Amino acid sequence: MNILEGLNDVQRDAVKTTTGPLLILAGAGSGKTKTLTHRIANLILNEGVYPNQILAVTFTNKAAREMRQRLATLIGQPNDRSFMPWMGTFHGICVRLLRVDGKAIRVPSNFVIYDEDDRKGLVKQAMKQLSLGDREVKPAAISSAISSAKNAMQTPDDYDGVAVGPFQKQVAQIYHFYEARRKEAMALDFDDLLIEAVRLLRENPNIRDKWRSHFTHILIDEYQDTNAAQYHLVKLLVNKAQNICVVGDDWQSIYSWRGADFTNILNFERDFPGTKVVKLEQNYRSTGHILEAAHAVISKNNQRTDKKLWTDAGMGYPVQVQGVYDDAEEARLVAERISAQVAIGARRYRDFAVLYRLNSLSYSLERAFFQAGIPYQVVGGVRFYDRKEIKDIIAYLKLIYQPNDRMSFSRIANTPTRGVGTTSLEKFLRWQSTRSENIVEALLLLEDEPVVTGKAKGALVKLGYLLKDIASQLETLSPSDAIEQIITKTGYRDHVQDGTPQAEARDENLGVLVADAQQFASLSEFLEEVALMSSADMQVNDDMVTFMTLHAAKGLEFPVVCMIGIEEGIFPHSRVFEAGAAELEEERRLCYVGMTRAREELHLSYSYSRLQFGQRAYNEPSRFIGDMGDQVALLSPEPQLMGASQDEPFYSDEIGFEVGDSVRSSAFGEGTIVDIDGMAVSVNFTSGQTKKLNVEFAHLQKL
DNA sequence: CGGTTGCACTTTTTT
DNA sequence: AGTGCAACCG
């Protein structure tokens, strides 16, 4: 099989460039993943590179999975880790490096990973213990300040040294406390995974050189969204041969709020002299109208490179902008559009995505789709692994895996309720911290200590034996069996059956968790997957409409995209108003990313009013609609008139047909139009049957 | 100690 | 509108 087949000249050039630094500037929909996959396949099949020597970094686990699948097909090997390059997110790769070599910087190989909730919880604890007034300062603000400090590679002492003003002084104190507790718990948070890996390679030249010679070829996807720590990591891993290939698009940089810095991609040529630059500008995804509207938007940004995507796919349908009266109407319109197209067989549910700026906008959609009986899936929002019952069981697993993890212990010490109140818990923890034993061992010792008394004592000792028992079987027990034991022996299954309407769903979730865990061989593997799994990683197999945020849509594509809530204050979000021009430009890039997810149809809508915080709010149409200029079809009357004109069919003038017209369809023959509802035209055919057809697809010919 | 009630706050976006 | 948490009562 020829790896170069089916590629355009530029893509082929990228694939054939196998040595030296390579920068691929890949516009939206330009066949970036295809190019990357073929490039890796070419290295393996034609250049004699062992898969193991290749490091491919993707932005999400899902992207890694997809790439692995496509590569397996391409090189004709089973999709098995042993035949595959190192593929994963920066975070995932760092976990692997740290599990192997972390000891060199005193990171234990069985560290646990703290997610955003764990971090916030620890910050709250710190604020309480340091008795810092928590009414004015929000834990979330502290948490993000700590994250920024970490990403800037500042230790608590560094931060303390430069902290100015009461807020930063406070952060410094909490940061100290946070780090001390985190290390005691043998935990690393998301930021630590990156910066500890950097520290590992920096402080241990022998280890660094080992990995440098191990990875002969490095590829990084979505390079425009790398942050400082990731940038340092790349520089540390690249060896003398400089076989580094990065792919990205500064127009699609949407994560600067998380520390991403798109100047990394702009400076790549400076960082790696002798870089070959390849530009993928032919778009294979979207039609001309969609591309031009998207281009009109991004053109309003000042801070950007200059390029122009092109397509030979034809203009397609114009981008439609729909003004509506309120959020309920907006949701209903989207639902109706989808129903109409599915009803006539033009599309399937899975062809549609509804995108929005804020998770909270999914509410009205869910209601409307539920009522209309349209199957849908919300990506993000409340993740499966964020549900209470799931987090509880995971906390048990984390504690068994890492018996110093106090956060997890605090979570489950009295879940299900076993008579351990806050006072007993605090007494125990205070006592335990004076001893050398870990939490599980300390629980067992409690029997002969007067630290806690009565019911609480018995309960804690019993919990200790239970944890110890499962931990001792870990060698032989699969993660799935371990979960089953926890659910049964702790009485969690009964705890879930609390008589509330949600009981069944929660019980079902536990079952899903047990089933999910079955694909994992070891507990550490399972915990890692759970911690690093993002909401965008959920698999979509069924025929359903997808709802998700614009951020989560990055890298995806759909035949039809509906973007809702295109209003000032929502998109662009009101928070960028006080911020600066740079933040507004990021919102605009986000708009560009959303629009370029669409293959054939793009529908935007804004609403005159909507429910926010339980009250009605009134927003103006977004400036981004103005940015599109005459690239779009405006389908809305003035907001003031909207309520009155709802019943009018918006398209009747546009489609060129009227009730009573005689038409010919290639599929059904001749007939007469009996009704028009938007794009849906009902035709009474001479064959006797009446069909509801979408004029966009039916290719009706007027007679 | 544990459950309930009421109040305050939420909303950027996520590895 | 929905959630989390603090204060109160049994």
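Residues numbered from 1 in each chain as written. Chains lettered and ligands numbered in written order. Predicted model: local features only at pLDDT ≥ 70, side-chain atom pairs only at ≥ 80, totals over all residues. Heavy atoms only, no water.

Enquirer: Summarise the overall build of chain A; cite the residues concerned and give the values.
Expert: Counting its secondary structure elements, chain A contains 30 helices and 21 strands. Here the C-alpha atoms of chain A give a radius of gyration of 28 Å, agreeing with the 27 Å that 2.2 N^0.38 yields for 703 residues. Taking all 703 residues of chain A together, the buried fraction comes to 54%. Relative to all contacts within chain A whose residues are 6 or more apart in sequence, the contacts with residues 24 or more apart total 73%. Of the accessible surface of chain A, which amounts to about 31200 Å², a share of 49% is contributed by carbon and sulfur atoms. Both charge centroids of chain A, one from 79 positive and one from 93 negative side chains, sit 5 Å from each other. (Helix = DSSP H or I, 4+ residues; strand = E, 2+ residues; numbered from the N terminus. Rg over C-alpha atoms; globule rule 2.2 N^0.38 Å. Buried < 20%, exposed > 50% of the residue type's maximum accessible area, 1.4 Å probe, protein only. Contact = heavy atoms within 4.5 Å. Areas by Shrake-Rupley, 256 points an atom, 1.4 Å probe, with all protein chains shown as cover. Lys, Arg positive; Asp, Glu negative; His and termini not counted. Charge placed at Lys NZ, Arg CZ, Asp CG, Glu CD.)

Enquirer: Describe the protein's contact with DNA strand C, naming the residues involved and giving the relevant values.
Expert: Taken together, Lys124, Tyr363, Phe613 and Gly614 make up the full set of residues near DNA strand C. In this structure, a phosphate oxygen belonging to DNA strand C sits 2.8 Å away from a side-chain N or O atom of lysine 124. Split into classes, the residues belonging to the surface near DNA strand C amount to two nonpolar, one polar and one charged. (Near = heavy atom within 4 Å. Polar contact = N/O pair within 3.5 Å; in protein donor to acceptor, adjacent residues only side chain to side chain. Nonpolar A, V, L, I, M, F, W, Y, C, P; charged D, E, K, R; others polar.)

Enquirer: Explain the confidence of the model for chain A to me, using residue names and the numbers behind them.
Expert: Scored by pLDDT, chain A comes out at a mean of 87, with 92% of its residues at no less than 70. Scored below 50 in pLDDT, residues 638–647 shows twelve contacts in the model against residues more than four places distant or in partner chains. Long-range and interchain partners of residues 649–653, a stretch whose pLDDT sits below 50, account for eleven contacts in this model, where long-range means more than four residues apart. (pLDDT = per-residue confidence, 0-100.)

Enquirer: Quick one: what's the story with the pattern of salt bridges, residue by residue and with numbers?
Expert: Overall, the coordinates contain 44 salt bridges when judged by the stated rule. With a closest N to O distance of 3.9 Å, arginine 435 and glutamate 449 form a salt bridge. Of this pair, arginine 435 sits in the loop between α19 (422–433) and α20 (439–445) while glutamate 449 sits in the loop between α20 and α21 (454–472), and the two are 14 residues apart along the sequence. You can call glutamate 449 partly exposed: its relative accessible area is 24%. By sharing partners, the salt bridges in this structure join Glu116, Arg119, Lys150, Glu179, Arg182, Asp189, Asp191 and Asp192 into a single network. (Salt bridge = Lys/Arg side-chain N within 4 Å of Asp/Glu carboxyl O.)

Enquirer: Residue-level account of the nonpolar core, with values.
Expert: Core analysis: the biggest nonpolar cluster contains 72 residues, and Leu397, Phe409, Phe428, Ile483, Leu513 and Phe526 have the highest contact counts within it. Looking at this core element by element, the count peaks at nine residues for helix α17 (residues 388–401). Setting aside chain neighbours within four positions, we find phenylalanine 409 in contact with Leu399, Leu425, Phe428, Leu429, Ile439, Leu443, Leu460 and Leu463. Listed in part, the 59 residues of the second largest apolar core include Ala28, Val297, Ile374 and Met595. (Core = buried A, V, L, I, M, F, W, Y, C linked by side-chain atoms within 4.5 Å.)

Enquirer: Residue-level account of the pairing of strand β12 (residues 545–549), with values.
Expert: Burial within β12 is extensive, with five of its five residues counted as buried. Here β12 shows a buried face lined by Val545, Phe547 and Thr549 and a second buried face lined by Thr546 and Met548. Here strand β10 (residues 352–356) runs beside β12; their pairing, made up of four bridges, is parallel. Bridge pairing in β12 places leucine 355 opposite methionine 548. (Pairing = 2+ DSSP bridges.)

Enquirer: Give a detailed account of the sheet that holds strand β8 (residues 276–280), specifying residues and quantitative values.
Expert: If you walk across this open sheet you meet the six strands as β3-β2-β6-β7-β1-β8, and the pairing is parallel. Bordering the open sheet on either side are β3 (86–88) and β8, each of which pairs with just one other strand. Averaged over all pairs of adjacent strands, the angle between their axes in this sheet comes to 10 degrees, without regard to strand direction. Pairing between strand β2 (residues 54–57) and β3: three bridges, direction parallel. Paired with alanine 56 across the two strands is methionine 87, which belongs to β3. Against the sheet, helix α4 (residues 90–101) engages β2, β3 and β6 (217–220), with an angle of about 130 degrees to β3. (Axes fitted to C-alpha atoms, helices over the stretch in contact; angles between N-to-C directions.)

Enquirer: Would you mind going over unusual backbone geometry in detail, with residue names and values included?
Expert: A cis amide bond links threonine 415 with the next residue in sequence, proline 416, at an omega value of -5 degrees. Along the chain, proline 416 falls in the loop between α18 (406–412) and α19. With an omega of 5 degrees, the peptide bond running from phenylalanine 571 to proline 572 counts as cis. Of note, proline 572 is situated in the loop between β13 (558–563) and α26 (575–578). One non-glycine residue, glutamate 222, adopts positive backbone phi at about 55 degrees.

Enquirer: Summarise the packing of aromatic side chains; cite the residues concerned and give the values.
Expert: Between two aromatic rings, the relevant description is the distance of the centres plus the angle of the planes. Tallying each qualifying case throughout the model produces 18 aromatic pairs. The interplanar angle of 55 degrees and the centroid separation of 5.5 Å between the aromatic rings of phenylalanine 409 and phenylalanine 428 together place this pair among those described as tilted. Remark: phenylalanine 428 occurs in helix α19 and phenylalanine 409 occurs in helix α18; sequence separation between them is 19 residues. Using a relative accessible area of 0% as the deciding quantity, one classes phenylalanine 409 as buried. Owing to a relative accessible area of 0%, phenylalanine 428 belongs among the buried residues under this scheme. One aromatic cluster in this structure is built from Phe59, Tyr255 and Trp257. One residue, arginine 96, lies across the ring of tryptophan 86, its end atom 3.9 Å from the ring centre. In this arrangement the basic side chain of lysine 554 is found over the ring face of phenylalanine 59, its NZ or CZ atom lying 3.8 Å from the centre. (Phe/Tyr/Trp six-rings, centres within 6.5 Å; stacked < 30°, edge-to-face > 60°. Lys NZ or Arg CZ within 6 Å of the ring centre and 35° of its normal.)

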